[in-house]
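Tertiary structure, described
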Amino acid sequence: MQQYTRKTAIDKLLDSYKTYYNIQLYEGELQHLRAICEFYEHSGRFVISKKAELWSANCEEFIYLFDIEHLTKELFEKYRDFTKEDGLNRANIGPGHMYTYITPMFVCDTCDEEAKRAVKKCRIYKSFQFSLHGWMDYHAAVFETSTSSIFTNRSGRCVEKVLKNVLFQKKRRRFL
């Protein structure tokens, strides 16, 4: 298994996300935030003309990559509140909105037990107009480089699979 530093892990994640996400390297007041990755998808069906739309669905995902030496419960709560607020401000809620996923990913060397419990217990979900205008779900994930371990909240289990595939996949041989 490959041992990662915070920088190499973040570089590998950004390299894998650049195909599907709009990546903005962050240079603002938050010292640990390295990048914000945005994904937008629009699906729909129409009859004969695009004006005769049967249905449409807009899906959005915002990933916040944090580079932290030691993750504490206080830091997690601070960035949890920031990402929730910023993600909701970026979301386009209204008719045709299906879902928005807000995903903070913390890449750290070490992590407090209190922070691990706070991540695992984090449950943020919001529906808009009784789900007629979709919903928002919060996926929190942590990659601890010292132990090469990944843990998430319950909603973030899909993110755990992605992180394992990106960071721990074996190189496949290609035969021509």
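Our subject is the structure that appears above.
Residues numbered from 1 in each chain as written. Predicted model: local features only at pLDDT ≥ 70, side-chain atom pairs only at ≥ 80, totals over all residues. Heavy atoms only, no water.

The subject of this paragraph is helix α2 (residues 73–90). Taking 1.5 Å per residue, 18 residues should reach 26 Å; α2 reaches 25 Å between its end C-alpha atoms and fits that length. Within α2 the residues assigned to the buried category are Leu-75, Phe-76, Tyr-79, Thr-83, Asp-86 and Gly-87. Seen along its axis, α2 keeps its buried residues to an arc of 110°; they face one direction. Residues of α2 that are exposed and angled more than 90 degrees away from the buried face: Glu-74, Glu-85 and Asn-89. (Helix = DSSP H or I, 4+ residues; strand = E, 2+ residues; numbered from the N terminus. Expected span 1.5 Å × (residues − 1). Buried < 20%, exposed > 50% of the residue type's maximum accessible area, 1.4 Å probe, protein only. Arc of directions from axis to C-beta.)

Moving on: the pattern of salt bridges. Opposite charge on two side chains permits them to pair, given that their charged atoms come into close proximity. Going through the model one piece at a time under the given rule, you end up with 12 salt bridges. Of the charged contacts in the structure, one is a salt bridge between Asp-11 and Lys-7, with a shortest N-O distance of 2.8 Å. Within this pair, Asp-11 and its partner Lys-7 are both found in helix α1 (residues 6–17), separated by 4 residues, close to a single helical turn. For Asp-11, a relative accessible area of 38% corresponds to the partly exposed category. Salt-bridge contacts for Arg-34 lead to Asp-67; the nearest nitrogen and oxygen are separated by 3.5 Å. You can see Arg-34 sitting in strand β2 (residues 33–46) and its partner Asp-67 sitting in strand β3 (residues 53–71), a full 33 residues away along the chain. By relative accessible area, which is 12% here, Asp-67 ends up buried. Overlapping salt bridges, with partners in common, bring together Arg-6, Arg-34, Asp-67 and Asp-109 in one network. (Salt bridge = Lys/Arg side-chain N within 4 Å of Asp/Glu carboxyl O.)

When you line up the elements, Glu-38 lands in strand β2. Taking relative accessible area as the criterion, Glu-38 reaches 9% and is therefore assigned buried. A polar contact of 3.5 Å, which involves the side chain of Glu-38, links it to the side chain of Gln-24. With near-sequence residues (within four places) excluded, Glu-38 lies in contact with Tyr-20, Tyr-21, Asn-22, Gln-24, Glu-61, Phe-62 and Arg-90. (Polar contact = N/O pair within 3.5 Å; in protein donor to acceptor, adjacent residues only side chain to side chain. Contact = heavy atoms within 4.5 Å.)

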